[in-house]
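Tertiary structure, described
This is what each chain is made of:
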Amino acid sequence: MQAVFITGHGGNEVVAVGERPRPMRGPGEVLVRLQAATLNQVDLYMRDSGAGITHRLPQIMGLDGAGIVEEVDADEPLLAPGQQVVLHPGIACGRCEFCQRGQGVLCTAIQYLGEHRDGTLAEYVSVPARNVFPMPAHLSHAEAAALGVNHLTAWRMLFTKAQIKPWETVLIFGIGGGVSLAALQLARLAGARVIVTSRTDAKLQRALQMGADHAIDSATRDVAKEVMALTGGRGVDVVIENVGAAVWSGAMKSLVRGGRLVTCGATSGDQPPADLRRIFIRQLQILGSTLGDLDEFAALLSLVRRTGLRPVIDAAFPMAEAHAALDRLGAVDRFGKVAITIADGAR
C-alpha cells in the first residue's frame, strides 16, 4: 500500500512516499480504508526529532484519519463493511489503573497512531473497534479527520478541565492553529464570550467573522492590559493556550481571581516563569490536558451532528505532495488544518 513514512529524523529528506506492507487486522480490530487525514504539530516533531517517543523506523506518520470500514469481526455490533468512520488516535492498554477507571487518555502504556505505531498517512490502518466511530454525515473526510486531535483536545480543555459556563469569558491564544480554532468554535457553541489573540491581522479578522467577540494583536498590544480593558479590570475566567513560554506571563495576568488556565502545548518553550505568588494569592488553577477519552470523543461527535459544526481546513494536498503539506503546516499564515487526501474518491 502507499504511505507517507519517516526513515530517520532531521528534515524533509527523511520523509518518503512509497510502498509499505498492508496491516494485518487482528481479532477485535477494524481495518479502515483511509480517505483523508490531517496533519498535526507532532508530525513535524516526528520528522525533525522524535526524541522521547518510542518508535521504530520506518514509521508511518499521521494521528487522525477518516475512511471506510474494509474488514471487521462478523459479530461486531456497531460497525459494518462500507461504513464511513472517523478514528480516535489513542490506543490504550485497557489494563492499567487509569484504564480500569475509565481514563484511557491517562493510560501508562498508551500508543498514538503516527507516533508509537503506524499511523493514518496510508491507504489502510488497523485499530481496535473501540477507536472507530461513525462519521458525521455532513462532513467531508478531511473535516471528519480533523476532529480526532484538535477538536477532541479543545473539547477536553474546555468542558472536562475548565468546565466552562455560558456566562464566562475565554481567552484563546494563537488563533489560526487547529486547537485554538476548535476552541473558538466550541466555546461559542457553549455560549461563552471569546477573546482571541494573534500576531497576524488577517487571522484576527477571520476569527471575528467566525464569532469571536474581541481580537487582540499580540504583536503590537499588551495582551493582559487589553484583556483588562475589555473586561472592566476583572480578567477572563478561562485561558486556553498551547504556546508556552512566550505567552505565559500575559496568560497568567489575564485571569480573574480563581481563574483557570488550561495548557496543551509548549511550542515556544516549556520553562516559563512559574509566577507562584500570583498563583497562590489569586488562587489560580493551572490545568494540563492532552487529547481526550473515548466517551469525550463520542460526546464531541454528537455535538457536531446536532449543530452542523465544520472544522476549518486551510489546504488539502494529495499524498504524493506530503512534503508540501508539511511545509504548509509550518507556514506563518496557515489558518486551520492541513489535510492529506489519500483516496481519489474522498469527499
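Everything below is about the structure shown above.
The present account deals with the structure reproduced in this document.

Conventions we followed
Residues numbered from 1 in each chain as written. Predicted model: local features only at pLDDT ≥ 70, side-chain atom pairs only at ≥ 80, totals over all residues. Heavy atoms only, no water. Patch = residues over 30% accessible without salt bridge, like charges linked within 9 Å, V, L, I, M, F, W, Y side chains within 5 Å. Areas by Shrake-Rupley, 256 points an atom, 1.4 Å probe, with all protein chains shown as cover. Salt bridge = Lys/Arg side-chain N within 4 Å of Asp/Glu carboxyl O. Helix = DSSP H or I, 4+ residues; strand = E, 2+ residues; numbered from the N terminus. Pairing = 2+ DSSP bridges. Axes fitted to C-alpha atoms, helices over the stretch in contact; angles between N-to-C directions. Contact = heavy atoms within 4.5 Å. Phe/Tyr/Trp six-rings, centres within 6.5 Å; stacked < 30°, edge-to-face > 60°. Lys NZ or Arg CZ within 6 Å of the ring centre and 35° of its normal.

Another aspect to go through is a nonpolar patch on the surface. A surface patch of nonpolar side chains, amounting to about 340 Å² of accessible area, comprises Leu-276, Phe-280 and Ile-281. With respect to the secondary-structure elements, Ile-281 resides in helix α8 (residues 276-281).

In this section: the sheet that holds strand β16 (residues 285-288). On the basis of which strands lie adjacent, the open sheet formed by six strands has the order β13-β12-β11-β14-β15-β16 and parallel pairing. Here the strands that pair on one side only, and so sit at the sheet edges, are β13 (214-217) and β16. Shown here is a sheet whose adjacent strand axes are inclined to one another by a mean of 20°, direction ignored. As paired elements, strand β11 (residues 169-172) and strand β12 (residues 193-198) share four bridges and run parallel to each other. Bridge pairing in β12 links Leu-171 to Ile-195. Here helix α6 (residues 223-230) sits on the sheet in contact with β11, β12, β13, β14 (236-241) and β15 (255-263), set at roughly 155° to β13.

On inspection of all chains with the given rule, the structure shows two aromatic pairs. Consider the rings of Phe-133 and Phe-297, whose centres lie 5.0 Å apart with planes at 80°: the pair is edge-to-face. Within this pair, whereas Phe-133 is found in strand β10 (residues 132-134), its partner Phe-297 is found in helix α9 (residues 294-307), the two being separated by 164 residues in sequence. Here the basic side chain of Arg-20 rests over the ring of Phe-5, its NZ or CZ set 5.6 Å away from the ring centre. We note Arg-22 situated over the ring of Tyr-124; from NZ or CZ to the ring centre the distance is 4.4 Å.

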